[in-house]
Amino acid sequence: MTIPPSPQQPDVSVERAAAAAPVPPTERFAARTSGMVASEIRALFAVASRPEVVSLAGGMPNLAALPLDELSGEIGDLVAREGQVALQYGSAQGVPALRAQICDVMREEGIEADPNDVVVTVGSQMALDLVTRLFCDPGDVVLAEGPSYVGALGSFAAYQARVVHVAMDEHGLVPELLEEALRSLTARGVTPKFLYTIPNFHNPAGVTMAVERRQRVLDLCAEYGVGVVEDNPYGLLGFSSTRYPALRSLDRSVIYLGSFSKTFASGLRVGWALVPPAVRDRLVLAAESATLCPPSFTQMVVSRYLEKHDWRAQVKAYTEQYRERRDAMLSALDTYLPEGCTWTVPDGGFYVWVTLPEGVDAKAMLPRAVTARVAYASGTGFYADGLGSRQLRLSYCYPTPERITEGVRRLAGVIEAELEVRRTFGLPAAPAPELRRGSHTPSPDTA
């Protein structure tokens, strides 16, 4: 016989059933996941990859210049001769031979380094993520150029770091504005963990930090006790004979991030961090917790490539391709874009940064551009604070010169249509710029 529970005694079976009710996974997320949001640029790729759309949005390297037949033979030989090593677990710090070769690559930009201070990662994005994890607690401040690389902003947000942007002009990061930001933060009792900078052929702005500014930037950070993280994936892809010295070549305390994604093959996902010895051991531990070890196979493919092929000539071949595409884009912008548009003139890398006439919103205009079968990356994705509505990034690295010209022509038609709407509704006309070609500053007009 079952005796019902008395009113004074709770029904334990009911309580247990309630406790066992399924909890949605989203209610168990860590608080830091609130900063993990979809990138506007990544979300665009599905649409931009349609063959009828001219995509000026993504920064995909053009691999047409790679000697694929030779590489396929080398990869087959690698598996046949060294497969027992290449397909096995490896060191969390990376293959020793590759780390030594990476030091040779960095020497091209004046860096003298010890292979023991190199940590190989799965692309430089992983290195950036690990560095952020090592240094940033929730609420910490990171300084970054405005605009800045979208992948960096994603990592900073994921670790709940606050980003303070420092504006650039056509010569890169402005030291006076950096000093102003440092002084202001110090007055509030805040010391940024580091300055994140892309000094050469900036993504997305396309500008390069002037040589005479580099030591001043380093001196300011040293004065205020702020570290420097230098991200330099495009440094060897300059279009002139000028070879800009890496910040790391001027100061051995700089954390330097590099990658073979732009100078060899992005699909191999091989990058690295050059760090001071005091940072190295912690970075290796962080890498172990993330991946246990980077893939030995892809590292050994890169190592063989560097050993057996003229990689400097390959970089030159890439550079010539990108220079031709850059020229096609600048010519098309000058031919088609309406008055009131300005843009940067890159001396290397992949990108041009365009500022639209007053009142034209690049993000709001993007669906209409895709309808017109052209895609770009809107500027707001490159700021942590929602600025950049009048800016957009155009990438010239992947499309052919003919496709670039056609894409810019389509984009110009979309901008003209936006301006016509403004005229139709009696909105103020955009003021004529002082200079039509090139931009005095890649930062937004916040007035």
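The chain is annotated in an unreviewed UniProt entry as GntR family transcriptional regulator of Pseudonocardia halophobica. The chain has a UniProt comment under Sequence similarities (unreviewed entry) that states "Belongs to the class-I pyridoxal-phosphate-dependent aminotransferase family." The heading Subunit (unreviewed entry) in the UniProt record of the chain holds the text "Homodimer."

Participant: I keep staring at the overall build of the chain and nothing clicks. Help me out?
Facilitator: The number of helices and strands found in the chain is 15 helices and 14 strands. By residue count, 53% of the 447 residues in the chain fall in the buried class. When the accessible surface of the chain is summed, it comes to about 20300 Å², and 54% of that surface belongs to carbon and sulfur atoms.

Participant: Please clarify how the nonpolar core should be interpreted in this entry.
Facilitator: One recurring pattern in soluble globular proteins: nonpolar side chains tend to sit buried together. Met-106 and Phe-260 are the most contacted members of the largest nonpolar core, which has 71 residues in total. It is helix α13 (residues 311-336) that provides the largest number of residues to this core, a total of eight residues. Judged by nonpolar contacts, the second largest core, of 34 residues, contains Tyr-149, Ala-161, Ala-273 and Val-284.

Participant: Looking at this structure, I do not really get the packing of helix α3 (residues 68-86) against helix α12 (residues 296-308). What am I missing?
Facilitator: In a pair of packed helices, the angle between the axes and the distance between the axes together describe the arrangement. Interaxial distance between α3 and α12 falls to 10 Å at its minimum, and their mutual angle equals 125°. In terms of orientation, α3 and α12 fall into the oblique class. Crossing angle aside, the handedness with which α3 passes α12 is right-handed. Here α3 contributes Leu-71, Glu-74, Ile-75, Asp-77, Leu-78, Val-79, Arg-81, Glu-82, Val-85 and Ala-86 to the contact with α12, which in turn contributes Ser-296, Phe-297, Met-300, Val-301, Arg-304, Tyr-305 and Lys-308. Looking at the contact of α3 with α12, its residues break down into 10 nonpolar, one polar and six charged.

Participant: Teacher, can you tell me more about the sheet that holds strand β13 (residues 377-378) here?
Facilitator: Two modes of strand pairing occur in sheets, parallel and antiparallel, and in both the strands are linked by backbone hydrogen bonds. On the basis of which strands lie adjacent, the open sheet formed by four strands has the order β10-β11-β14-β13 and antiparallel pairing. Of all strands in the sheet, those with a lone pairing partner are β10 (342-343) and β13, marking the two edges.

Participant: Just checking my understanding: could you explain the side chain of Arg-248 for this structure?
Facilitator: Note that Arg-248 resides in helix α9 (residues 247-250). Of the side chains bearing the opposite charge, Asp-117 lies closest to the buried Arg-248, which forms no salt bridge; the N-O distance is 5.2 Å. Apart from the residues within four sequence positions on either side, Arg-248 is in contact with Ile-111, Glu-112, Glu-230, Val-254, Tyr-256 and Leu-274.

Participant: Can you help me understand the pattern of salt bridges in this one?
Facilitator: When the charged atoms of two side chains lie near each other, side chains of opposite charge can form a pair. Considering all chains together, one arrives at 19 salt bridges under this definition. Here Asp-117 ties to Arg-280 by a salt bridge, and the two come within 2.8 Å at their closest N and O atoms. With a gap of 163 residues between them, Asp-117 in the loop between α4 (96-107) and β2 (118-121) and Arg-280 in helix α11 (residues 277-291) connect regions that are remote in the sequence. Relative accessible area serves as the criterion here: at 7%, Asp-117 is assigned to the buried category. Between Lys-193 and Asp-140 there is a salt bridge, and its shortest N-O distance comes to 2.8 Å.

Participant: Would you mind showing me how to read the packing of helix α7 (residues 175-187) against helix α8 (residues 211-223) here?
Facilitator: Where α7 meets α8, the closest approach of the two axes is 10 Å, and the angle between their N-to-C directions is 5°. On the basis of their axis angle, the class for α7 and α8 is roughly parallel. Across from Pro-175, Leu-178, Glu-179 and Leu-182 in α7, the residues of α8 making contact are Arg-213, Arg-216, Val-217, Leu-220 and Cys-221. In terms of residue class, the contact of α7 with α8 is built from six nonpolar, no polar and three charged.

Cut-offs and rules
- Residues numbered from 1 in each chain as written.
- Predicted model: local features only at pLDDT ≥ 70, side-chain atom pairs only at ≥ 80, totals over all residues.
- Heavy atoms only, no water.
- UniProt positions renumbered as here; feature names shortened; annotations may be inferred.
- Helix = DSSP H or I, 4+ residues; strand = E, 2+ residues; numbered from the N terminus.
- Buried < 20%, exposed > 50% of the residue type's maximum accessible area, 1.4 Å probe, protein only.
- Areas by Shrake-Rupley, 256 points an atom, 1.4 Å probe, with all protein chains shown as cover.
- Core = buried A, V, L, I, M, F, W, Y, C linked by side-chain atoms within 4.5 Å.
- Axes fitted to C-alpha atoms, helices over the stretch in contact; angles between N-to-C directions.
- Parallel < 35°, antiparallel > 145°, perpendicular 65-115°, else oblique.
- Left-handed = near helix turned anticlockwise from the far one by under 90°.
- Contact = heavy atoms within 4.5 Å.
- Nonpolar A, V, L, I, M, F, W, Y, C, P; charged D, E, K, R; others polar.
- Pairing = 2+ DSSP bridges.
- Lys, Arg positive; Asp, Glu negative; His and termini not counted.
- Salt bridge = Lys/Arg side-chain N within 4 Å of Asp/Glu carboxyl O.

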